[in-house]
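# Observations on the three-dimensional arrangement
Residue-level listing of the chains:
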Amino acid sequence: MGSFQSDVIAGLLGGTLVGSVLVFIQFLVSRSDKKKAKHDELVAKISNLGDQMAALNERMDMENADASRRRILAFDDELRRDIGHSEESYNQILEDIRQYEIYCKHHDEYKNSKAVVAILNIKDTYSIVKKENKFI
């Protein structure tokens, strides 16, 4: 082989090598872009899931507050009908009141106007029953 042929072959091999390297680099960039897109999609889905869980927790907290309020109102109705309660029942309803009041305090949008009088009556009646030891 002559010098010219060697130079041509070397040039072709070098060009092929450079071309191959460039194709390989383009492949890696493309692959990286695809991974980034998948990563971004996964991050978005996780973020959305976190938002959904937060909304679910908020809804469950509100439902728990609603349930506590229903128990408070029912207990108050029983007191007004002179139905006696055990000390354990009072302790449970006082815990419901505590949890309900904490929820109301931290959620201005949730109005406590539906149970204010009932809560006062339960607490006052508890004080009297405790003082006179009239639990059933």
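So, a few notes on the structure that sits alongside this text. Being a predicted model, the structure only gives us computed values, none of them experimental.

### Section: the overall build of the chain
A tally of regular secondary structure across the chain gives 3 helices and 0 strands. Beginning at the N terminus, the succession of helices and strands in the chain can be written as α-α-α. Expressed as a percentage of the 136 residues in the chain, the buried residues total 21%. Across the chain, contacts joining residues at least 24 apart in sequence account for 70% of those joining residues at least 6 apart. Accessible area of the chain: about 10300 Å², with a carbon and sulfur share of 60%.

### Here we look at the environment of N112
Mapped onto the secondary structure, N112 falls in the loop between α2 (87–106) and α3 (116–132). Leave out the neighbours within four places in its chain, and N112 touches Y100, C104 and I119.

### Topic: unusual backbone geometry
Excluding glycine, residues mostly have negative phi values, and the peptide bonds linking residues are mostly trans. Non-glycine residue D82 carries a positive phi angle of around 60 degrees. Turning to its location among the elements, D82 is positioned in the loop between α1 (3–80) and α2. Even without being glycine, N133 reaches a positive phi, approximately 50 degrees. By the element assignment, N133 lies in the segment after α3. Of the residues examined, N133 reaches a relative accessible area of 61% and is grouped as exposed.

### Things to note about a negative patch on the surface
On the surface, E58, D61, D108 and E109 cluster together into a negatively charged patch. The topology assignment puts D108 in the loop between α2 and α3.

### A few points about the packing of α2 against α3
Running from amino to carboxyl end, α2 crosses α3 at an angle of 145 degrees, the nearest separation of the two axes being 11 Å. By crossing handedness, the relation of α2 to α3 is classed as left-handed. Side by side, α2 and α3 meet where E87, Y90, N91, I93, L94, I97, Y100 and E101 of the first sit next to I119, I122, K123, T125, Y126, V129 and K130 of the second. Of the residues that constitute the contact of α2 with α3, the class distribution is 9 nonpolar, 2 polar and 4 charged.

### Quick word on the packing of aromatic side chains
Tallied over the entire structure, the rule returns 6 aromatic pairs. Look at Y90 and Y126: their rings are 5.4 Å apart centre to centre, the planes differ by 45 degrees, and that puts the pair in the tilted class. Of this pair, Y90 sits in helix α2 while Y126 sits in helix α3, and the two are 36 residues apart along the sequence. When sorted by exposure, Y90 lands in the same class as Y126, which is buried. Aromatic side chains Y90 and F135 sit 5.7 Å apart centroid to centroid with 70 degrees between the ring planes, which places their arrangement in the edge-to-face category. Placement of Y90 in helix α2 and of F135 in the segment after α3 is noted, with a sequence separation of 45 residues between them. The structure contains a cluster of three or more aromatic residues connected by ring pairs, namely F75, Y90, Y126 and F135.

Quick notes on the rules
Residues numbered from 1 in each chain as written. Predicted model: local features only at pLDDT ≥ 70, side-chain atom pairs only at ≥ 80, totals over all residues. Heavy atoms only, no water. Helix = DSSP H or I, 4+ residues; strand = E, 2+ residues; numbered from the N terminus. Buried < 20%, exposed > 50% of the residue type's maximum accessible area, 1.4 Å probe, protein only. Contact = heavy atoms within 4.5 Å. Areas by Shrake-Rupley, 256 points an atom, 1.4 Å probe, with all protein chains shown as cover. Patch = residues over 30% accessible without salt bridge, like charges linked within 9 Å, V, L, I, M, F, W, Y side chains within 5 Å. Salt bridge = Lys/Arg side-chain N within 4 Å of Asp/Glu carboxyl O. Lys, Arg positive; Asp, Glu negative; His and termini not counted. Charge placed at Lys NZ, Arg CZ, Asp CG, Glu CD. Axes fitted to C-alpha atoms, helices over the stretch in contact; angles between N-to-C directions. Left-handed = near helix turned anticlockwise from the far one by under 90°. Nonpolar A, V, L, I, M, F, W, Y, C, P; charged D, E, K, R; others polar. Phe/Tyr/Trp six-rings, centres within 6.5 Å; stacked < 30°, edge-to-face > 60°.

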